[in-house]
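Okay, here's what each chain looks like letter by letter:
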Amino acid sequence: MQISTIVQHMDKIASTLSGKFIVFDGPDGSGKSTQIARFVQRYREEGLTVKEVREPGGTLIGEQIRDILLDPANDGMTMPCEMLLYMASRAHLIEQEIKPSLERGELVVADRFVSATLAYQGTAGGLPVDVGTDGSTPSGTAPEVFCRLRTGDAVAVLATNQ
């Protein structure tokens, strides 16, 4: 599909994105931050109110959980403990930021969500993770659109080392 065609489609869908929840996910170095920034800028220019959130984090408590998860001093953390911390951060983010933003009719754009738990703590971490196949959470909040970015290992390594 040509860029001009994509832009035309983006113009048409801008009015349908209010009150929607979109997740961008992919491995470190896949360009999530770049694509999220472009996407958010584009739709803010179209007049939409956009709420950006990230996992883990996005709230005061979520950022504290993020600090715990990323602290090298906690390298002995077990995989079940890690998964529960991610889930706690997500639960708080949903209640404090995502749901209220959706109720106000804002477009919510997330840097990672349930899919990250499935990939990192489930598949990579060896935990049996049963959160359903639709990406929903115990609160019933699920993204309407899921954008998974892919990249080759060499590209990701180069991107994360810059």
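For the structure itself, look to the data block above.
Residues numbered from 1 in each chain as written. Predicted model: local features only at pLDDT ≥ 70, side-chain atom pairs only at ≥ 80, totals over all residues. Heavy atoms only, no water.

Enquirer: Describe the environment of Leu 93, with residues and values.
Expert: One can find Leu 93 in helix α4 (residues 79–103). For the pair formed by Leu 93 and Pro 56, sequence separation is 37 residues and the distance between their alpha carbons is 8.6 Å. (Helix = DSSP H or I, 4+ residues; strand = E, 2+ residues; numbered from the N terminus.)

Enquirer: Just give me the short version of the nonpolar core, but keep the residues and values in it.
Expert: For soluble globular proteins, the rule of thumb is that nonpolar side chains tend to be buried together. Grouped together as the largest cluster of nonpolar side chains are 12 residues: Ala 14, Leu 17, Ile 22, Phe 24, Ile 36, Phe 39, Val 40, Tyr 43, Leu 48, Val 50, Leu 107 and Val 109. Mapped onto this core, the elements with two or more residues apiece are β1 (21–25), α2 (32–45) and β3 (107–111). Element by element, the count of residues in this core is highest for α2, at four residues. Sequence-distant contacts of Phe 39, defined by excluding residues within four places in its chain, comprise Leu 17, Ile 22, Phe 24, Leu 107 and Val 109. Of all hydrophobic cores here, the second largest spans nine residues; its members include Phe 21, Val 23, Leu 93 and Ile 98. (Core = buried A, V, L, I, M, F, W, Y, C linked by side-chain atoms within 4.5 Å. Buried < 20%, exposed > 50% of the residue type's maximum accessible area, 1.4 Å probe, protein only. Contact = heavy atoms within 4.5 Å.)

Enquirer: Before we move on, can you summarise the side chain of Thr 59 with the specific residues and values?
Expert: The topology assignment puts Thr 59 in the loop between β2 (50–54) and α3 (60–70). When its relative accessible area of 9% is taken as the criterion, Thr 59 is described as buried. A distance of 2.8 Å separates a polar side-chain atom of Thr 59 from the backbone nitrogen of Gly 62. (Polar contact = N/O pair within 3.5 Å; in protein donor to acceptor, adjacent residues only side chain to side chain.)

Enquirer: Would you mind going over the packing of aromatic side chains in detail, with residue names and values included?
Expert: Applying the stated criterion to the full structure yields two aromatic pairs. Seen from their ring centres, Phe 24 and Phe 39 are 5.4 Å apart, and the 65° between their planes marks the pair as edge-to-face. Taken as a pair, Phe 24 in strand β1 and Phe 39 in helix α2 lie far apart in primary sequence, 15 residues in all. Classification of Phe 39 by relative accessible area gives buried; the value is 16%. An aromatic cluster of three or more residues is present, and its members are Phe 24, Phe 39 and Tyr 43. (Phe/Tyr/Trp six-rings, centres within 6.5 Å; stacked < 30°, edge-to-face > 60°.)

Enquirer: Tell me about the environment of Ile 13, and name the residues and values.
Expert: Within the element layout of this structure, Ile 13 appears in helix α1 (residues 3–13). When the C-alpha positions of Ile 13 and Tyr 43 are compared, they lie 9.8 Å apart, and in sequence the two are 30 residues distant.

Enquirer: Describe α2, naming the residues involved and giving the relevant values.
Expert: Since the α-helix packs 3.6 residues into each turn, any two residues three or four apart lie on the same face. With 14 residues, α2 ought to run about 20 Å at 1.5 Å a step, and its terminal C-alpha atoms sit 20 Å apart, in line with that. Listing the buried residues of α2 in full gives Lys 32, Ile 36, Phe 39, Val 40, Arg 42 and Tyr 43. Axial view of α2: buried residues confined to an arc of 160°, hence all on one face. For α2, the exposed residues lying more than 90 degrees away from the buried face are Ser 33, Arg 38 and Glu 45. Once α2 finishes, Gly 47 follows within two positions and takes phi at roughly 100°, a positive value. (Expected span 1.5 Å × (residues − 1). Arc of directions from axis to C-beta.)

Enquirer: Quick one: what's the story with the environment of Lys 32, residue by residue and with numbers?
Expert: As for its placement among the helices and strands, Lys 32 is situated in helix α2. For the pair formed by Lys 32 and Arg 112, sequence separation is 80 residues and the distance between their alpha carbons is 9.0 Å. Setting aside anything within four residues of it in sequence, one finds Lys 32 in contact with Phe 24, Asp 25, Gly 26, Pro 27, Asp 111, Arg 112 and Leu 149.

By themselves, these observations are geometric and do not establish any function.
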